[in-house]
Amino acid sequence: MSLKANVRRAGDVAIVDLSGRITLGEGTGLVRTTIKDLVNSGQKNILLNLKEVSYLDSSGLGEMVGAYATVTNAQGSIKLLHTQAKVHDLLQVTKLYTVFATFDDEQEALRSYAASASGNRLYL
């Protein structure tokens, strides 16, 4: 199944609903262009919804790290929503769970952007 990306908005947050496989080739290219297009249009807050992502390989993981760098270099914030078990395990093994804020609830994730913007930091 090839990767699909749908962008929707909730206030000042762009939610990117991804479905399929994030692998070398088409999948990573779609993530890269979607993130770059959002950043180039001035979008600072991006939430990647991984609920329908069935597989993530090392290239896909690398692309997510690249997306993180792109967004943070633009003074933005990128967070992950609904990381599936295999993706969650991969984030644990690579220690990237310390880089990405992850959420299981969309409303909680959206509130975290508001908390960051108001200067209230969430410490877990």
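The preceding data block contains the structure.
Note that this is a predicted model, so its numbers are computed, not measured.

The rules we used
All residue numbers refer to positions counted from 1 along the written sequence of the respective chain. Note on the predicted model: pLDDT of at least 70 is required for a residue's local features to be given, and 80 or more for side-chain atom pairs to be given and counted; whole-chain, interface and lining totals, by contrast, use all residues. Note that water and hydrogens are dropped before the side-chain values are worked out from all heavy atoms of the structure. Pairs of strands are assigned from DSSP output, requiring at least two bridges between the strands. Only DSSP runs of H or I reaching four residues or more are called helices, and only runs of E reaching two or more are called strands; each is numbered from the N terminus. Lines fitted to C-alpha atoms define the axes here, with helix axes fitted over just the stretch in contact, and angles between the N-to-C directions of these axes take values from 0 to 180 degrees. Two rings from Phe, Tyr or Trp (for Trp, the six-membered ring) form a pair when their centres are within 6.5 Å of each other. A pair whose planes differ by under 30 degrees is stacked, one over 60 is edge-to-face, and the rest are tilted. The rule is simple: take the accessible area with a 1.4 Å probe, protein chains only, and divide by the maximum for that residue type; under 20% is buried, over 50% is exposed, in between is partly exposed. Ring-over charges, as used throughout, are those where CZ of Arg or NZ of Lys falls within 6 Å of the ring centre and within 35 degrees of the ring normal.

### What to know about the sheet that holds strand β5 (residues 101–103)
Judged by pairing direction, the sheet is mixed, and its 5 strands sit side by side in the order β1-β2-β3-β4-β5 without closing on themselves. If you trace the sheet from one side to the other, it starts and ends with β1 (4–10) and β5, each paired once. On average, adjacent strands in this sheet sit at an angle of 25° to one another, irrespective of strand direction. With 3 bridges joining them, strand β4 (residues 77–81) and β5 adopt parallel strand pairing. The residue bridging L81 from the neighbouring strand is F103, located in β5.

### Thoughts on the packing of aromatic side chains
Within this structure, the stated rule accounts for 1 aromatic pair. Aromatic pair Y68 and F100: ring centres 5.5 Å apart, planes at 75°, arrangement edge-to-face. With a gap of 32 residues between them, Y68 in helix α2 (residues 58–73) and F100 in the loop between α3 (85–93) and β5 connect regions that are remote in the sequence. You can call Y68 partly exposed: its relative accessible area is 28%. Taking the relative accessible area as the measure of exposure, F100 reaches 2% and is therefore buried. It is K79 that lies over the ring of Y113; its NZ or CZ is 4.3 Å from the centre.

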